Amino acid sequence: KGPDPSIPLINERMADVKHKILVLSGKGGVGKSTFTTNLAFALSFDDSVQVGIMDIDITGPSMPKMTGLEGETIHQSNTGWSPVYVSDNLGVMSVGFMLQNADDAVIWRGPKKNGIIKQFLKDVDWGALDYLVVDTPPGTSDEHLSAVQYLKESGITGAVLVTTPQEMSLQDVRKEISFCRKVGVPIIGVVENMAGFVCPGCHKESVIFAPNTGGARKMAEDMKIPFLGSIPLDPRIGKSCDLGESFLDIYTDSPAHKAYMDVIDKI
Ligand code: ADP
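Please read these numbers as outputs of a predicted model, since none were measured by experiment.

So, the site of the ligand
Around the ligand lies a shell of 18 residues, among which G31, K32, S33, T34 and G238 are the nearest. For the shell around the ligand, the secondary structure elements donating two or more residues are helix 2 (32-44), strand 9 (187-198), strand 11 (227-233) and helix 8 (235-243). No other element matches the four residues that helix 8 contributes to the shell around the ligand. In terms of residue class, the shell around the ligand is made up of seven nonpolar, nine polar and two charged.

Right under this line is the structure:
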């Protein structure tokens with residue numbers, strides 16, 4: 001088998017992308033896609049910064065809904081596939097835009113997923129981007145290997161790992177860390193999500209995953225990776241996700257907003 005003829009084409013596209021950030025989690029449901037969305041929204045608050053979200057969670061794409069673009073479709077031009085835009089400087093590409101029925105991709109095998117990721121990297125006309133934020137499926141799967149393989153030459157800036165404070169989730173993040181180390185992806189750091197809950201009524205903080213307060217910070221120290229911070233549970237984060245709007249744009253005076261921005265500042 002000779003070299004993959006797509007690689008030079010991917011390198012050419014990616015030459016216009018300054019930073020490529022992968023968002024990873026060991027488990028599903030820890031807030032990885034929510035974090036991806038909010039990171040991209042936050043970066044795009046500066047009008048001069050061009051941001052793209054690439055959703056390679058092929059069997060469970062959540063980006064169309066989380067960015068308020070459900071029902072949109074991708075258009076093709078002579079320069080490639082056009083992303084769907086949230087605003088002038090925030091574009092999104094997801095397999096969710098290509099399927100009549102969002103459940104269709106669930107049955108795709110590895111090679112088909114690999115093919116679509118290759119096409120996303122080769123054929124999407126992002127134009128010049130400052131940041132490409134990549135939402136990945138939970139765990140480490142075909143999709144991660146494909147992305148890493150295709151981006152090897154053009155380079156990945158780094159990975160952000162999202163976890164909850166629960167030991168079950170932390171354990172799986174350790175696997176993500178060893179994956180990154182094995183395939184040579186730099187680790188930007190770990191974010192602890194759903195770390196506590198501030199009651200909107202009485203403003204008292206409750207720790208939800210009680211025995212493991214500080215677990216993510218300790219795990220990061222043990223594994224010698226940066227700890228980026230803790231984001232509390234806030235029902236408004238979930239609500240904004242469901243409505244496809246930016247939590248960070250709306251609830252600017254909440255503790256969760258501050259926590260999110262502190263984390264994002266470190267990226
Ligand atoms: P993953 O991508 O890891 O599977 P999601 O980002 O889809 O997880 O998040 C799972 C659910 O938790 C979603 O309904 C989301 O709105 C909600 N969620 C994520 N982070 C928070 C948070 N800090 N506070 C409240 N709800 C959250």
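Having put the structure on the table, let's press on.
Quick notes on helix 2
Compared with the 18 Å implied by 1.5 Å per residue over 13 residues, the 18 Å span of helix 2 between its first and last C-alpha is a close match. Burial analysis of helix 2 places 13 of its 13 residues in the buried class, the great majority of the element.

Focus: the nonpolar core
Membership of the largest hydrophobic core comes to 72 residues, with the highest contact counts inside it found for V133, A159 and L161. Once residues lying within four places of it in the same chain are set aside, the contact partners of V133 are I21, V23, T36, L39, A40, V51 and I53.

Topic: the packing of helix 6 (residues 167-183) against helix 7 (residues 215-223)
Where helix 6 contacts helix 7, the two axes come as close as 11 Å, and the packing angle between them is 25 degrees. The angle between the axes of helix 6 and helix 7 places the two elements in the roughly parallel class. Seen along the crossing, helix 6 lies across helix 7 with a hand that is right-handed. Facing E167, L170, V173, R174 and I177 of helix 6, the residues of helix 7 in contact are G215, A216, M219 and M223. Broken down by class, the residue content of the contact of helix 6 with helix 7 amounts to six nonpolar, one polar and two charged.

Calculation rules
- Residues numbered from 1 in each chain as written.
- Predicted model: local features only at pLDDT ≥ 70, side-chain atom pairs only at ≥ 80, totals over all residues.
- Near = placed C-beta within 6 Å.
- Helix = DSSP H or I, 4+ residues; strand = E, 2+ residues; numbered from the N terminus.
- Nonpolar A, V, L, I, M, F, W, Y, C, P; charged D, E, K, R; others polar.
- Expected span 1.5 Å × (residues − 1).
- Buried ≥ 20, exposed ≤ 12 C-beta atoms within 10 Å, placed from the backbone.
- Core = buried A, V, L, I, M, F, W, Y, C linked by C-beta atoms within 7 Å.
- Contact = placed C-beta atoms within 7 Å.
- Axes fitted to C-alpha atoms, helices over the stretch in contact; angles between N-to-C directions.
- Parallel < 35°, antiparallel > 145°, perpendicular 65-115°, else oblique.
- Left-handed = near helix turned anticlockwise from the far one by under 90°.

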